[in-house]
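Residue-level listing of the chains:
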Amino acid sequence: MELQLLKENYFKIKNENKTKNLEIGDFLLGELVNNHQELWQYSINFAKQTVRTIEGTSCRILYIFQHEYALVDSSNIDIIGSNDATTCINIVVRENKTSKTLVAHYDGSHPQQLAHLIFDSFDSNAILDIHLVGAFLDEKGTSLKDTKKLLAALTISGPSTQQKIIRTACILEANTTKNDFDPTLENDTKSIIIGIGVNTIDGSIFPANFVDRTPGIMLRRLRCFAYESKYINVFRDNCVIIEPFEFSIEENAHVYSLQNDNFFRYFSSSPRFEPPNFFIDMRENFKLMAKIENCDEAFRLCSTKIKINEPLRPIIYTLNSNNIWIEI
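Residues numbered from 1 in each chain as written. Predicted model: local features only at pLDDT ≥ 70, side-chain atom pairs only at ≥ 80, totals over all residues. Heavy atoms only, no water.

Caption draft 1: View of the sheet that holds strand β3 (residues 68-72). Pairing is mixed across the open sheet formed by six strands, whose spatial order is β8-β7-β5-β6-β3-β13. The open sheet has two edge strands, β8 (163-170) and β13 (232-233), and neither has a second partner. (Pairing = 2+ DSSP bridges. Helix = DSSP H or I, 4+ residues; strand = E, 2+ residues; numbered from the N terminus.)

Next up, the structure:
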């Protein structure tokens, strides 16, 4: 599904006043489901593939957390991907000619900002394959709303000279199945897959579950409490770089850290369908907050290199010869 062509068609229809009130997100979603059946069927079949577990040190792995993105290629990373996209969307953009691969975890916020960051990462004449995974049809309609915004942003943003083609759209109906956990609930749904991985060498994509989410797990998870709204590029100069950032320290963190899983459901847009690690992660976040009085202390606790009296600086990780992330 070529976005530049659809963009031209949409504005042609608008100018002819055939569908005065049609929003571009609705138009694109209609095109995807109704006029690109081969793509839609491929996406449905993609959701049926076996989920690959990604862990170990046999290759160079980079995991992308919520509100992050990274641009890599086959010279520095072998497998890149992201998980836990229930109402979120994992985005993969790939330029096959150069093996440049960008992965972003879109959480519904600032879609145009993210789209600009994505397309500015590539040459203005690049041919880009786009893959979208996540965003099941939730009962609140969060996924549908956020998907429309993202499709619109991806279509409108970036140089017109870039060729942007959606190759996978494993979202909404294509990534939704009936939830059999509670038979008393009618029309109850859940995600089929929530993670995607990319082999940067051959460009293949696959449903994935990343067990290994290093490096800097604790600080990167804390970004969901950050004040800043900008999507963060975490990979530069072959390193994962965590810049100091301000975040909200919950004054009841210690109490929160002792709560059961049901309590943490209030922090989710799809509370009944979060994976088990969601509750573990939230509890660990509050445990860290309970130990600190300010954001600087969090960085010092999580770093093995920043000395107590040293000015705060970015925490930097690189892969060693054994494919293990180490702080430098």
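Caption draft 2: Spotlight on unusual backbone geometry. Residue P215 is bonded to the preceding T214 through a cis peptide linkage, with omega at 5 degrees. For P215, the position within the fold is in the loop between β12 (205-210) and α6 (217-221). In this model, H110 sits at a positive phi of 50 degrees, which is unusual for a non-glycine residue. Following the sequence through the fold, H110 ends up in the loop between β6 (100-106) and α4 (111-120). Residue class for H110 comes out partly exposed when judged on its relative accessible area of 37%. You will see that N323, though not glycine, has its phi angle at about 65 degrees, which is positive. Mapping N323 onto the fold places it in the loop between β16 (315-319) and β17 (325-327). (Buried < 20%, exposed > 50% of the residue type's maximum accessible area, 1.4 Å probe, protein only.)

Caption draft 3: The arrangement of the side chain of T147 in detail. Residue placement: T147 occurs in helix α5 (residues 142-156). We classify T147 as buried; its relative accessible area is 1%. Those residues in contact with T147 that sit more than four places away from it in its chain are I89, A135, I171 and L172. (Contact = heavy atoms within 4.5 Å.)

Caption draft 4: Molecular detail of the pairing of strand β7 (residues 127-134). Among the eight residues of β7, seven are classified as buried, and the element is accordingly described as predominantly covered. Pairing of strand β5 (residues 89-95) with β7 involves six bridges; the strand directions are antiparallel. Of the residues in β7, the one forming a bridge with I91 is L132. Examined bridge by bridge, β7 and β8 share seven bridges and lie parallel to one another. Residue pairing for β8: I127 is matched across the bridge by Q163. For the crossover that starts at β7, traverses α5 and ends in the parallel β8, the hand is right-handed. (Right-handed = clockwise from strand over helix to strand, strands pointing away.)

Caption draft 5: The arrangement of the pattern of salt bridges in detail. One pass over the full model with this rule turns up eleven salt bridges. R223 serves as the salt-bridge partner of E68, at 3.0 Å between the closest nitrogen and oxygen. Taken together, the residues E68 in strand β3 and R223 in the loop between α6 and β13 connect sequence positions 155 residues apart. Residues E68 and R223 agree in their burial class; the two are buried. Salt-bridge contacts for D84 lead to R213; the nearest nitrogen and oxygen are separated by 2.8 Å. Of the two residues, D84 sits in the loop between β4 (79-82) and β5 while R213 sits in the loop between β12 and α6, which places them 129 residues apart along the sequence. With respect to class, D84 is no different from R213; both count as buried. Connected through shared salt-bridge partners, E68, R220 and R223 make up one network. (Salt bridge = Lys/Arg side-chain N within 4 Å of Asp/Glu carboxyl O.)

Caption draft 6: Region of interest: the environment of Y231. With respect to the secondary-structure elements, Y231 resides in the loop between α6 and β13. Sequence separation between Y231 and K287 is 56 residues, and the spatial gap between their C-alpha atoms is 25 Å. Excluding anything up to four places from it in sequence, Y231 contacts H67, E68, Y69, H105, Y106, D107, G108, S109, H110, Q113, L114 and L117. Separated by 2.9 Å, the side chains of Y231 and D107 make a polar contact. Separated by 2.7 Å, the side chain of Y231 and the backbone oxygen of S109 make a polar contact. (Polar contact = N/O pair within 3.5 Å; in protein donor to acceptor, adjacent residues only side chain to side chain.)

Caption draft 7: Broad picture of the packing of helix α1 (residues 3-15) against helix α2 (residues 24-35). The geometry of α1 relative to α2 is characterised by a closest axis approach of 11 Å and an angle of 125 degrees between their N-to-C directions. Taken as axis vectors, α1 and α2 run oblique relative to one another. Here α1 runs over α2; the crossing is right-handed. Counting all contacts with α1, which are made through L6, N9, Y10 and I13, the residues of α2 involved are I24, F27, L28 and E31. (Axes fitted to C-alpha atoms, helices over the stretch in contact; angles between N-to-C directions. Parallel < 35°, antiparallel > 145°, perpendicular 65-115°, else oblique. Left-handed = near helix turned anticlockwise from the far one by under 90°.)

Caption draft 8: Inspection of the packing of aromatic side chains at higher detail. Evaluated as defined, the whole model comprises seven aromatic pairs. Between the aromatic rings of Y10 and F27, the centroid separation amounts to 5.4 Å while the plane-to-plane angle is 45 degrees, which identifies the pairing as tilted. With Y10 in helix α1 and F27 in helix α2, this residue pair connects regions lying 17 residues apart in the sequence. When the ring of Y63 is compared with that of F210, the centres are 5.5 Å apart and the planes differ by 55 degrees; the resulting orientation is tilted. With a gap of 147 residues between them, Y63 in strand β2 (residues 61-63) and F210 in strand β12 connect regions that are remote in the sequence. Residue class for F210 comes out buried when judged on its relative accessible area of 1%. Taken together through their ring pairs, the aromatic side chains of Y10, F11 and F27 make up a single cluster. Note that R52 overlies the ring of F206, its terminal NZ or CZ placed 3.9 Å from the centroid. Across the ring face of F119, the terminal group of K164 is positioned such that the distance to the ring centre comes to 4.4 Å. (Phe/Tyr/Trp six-rings, centres within 6.5 Å; stacked < 30°, edge-to-face > 60°. Lys NZ or Arg CZ within 6 Å of the ring centre and 35° of its normal.)

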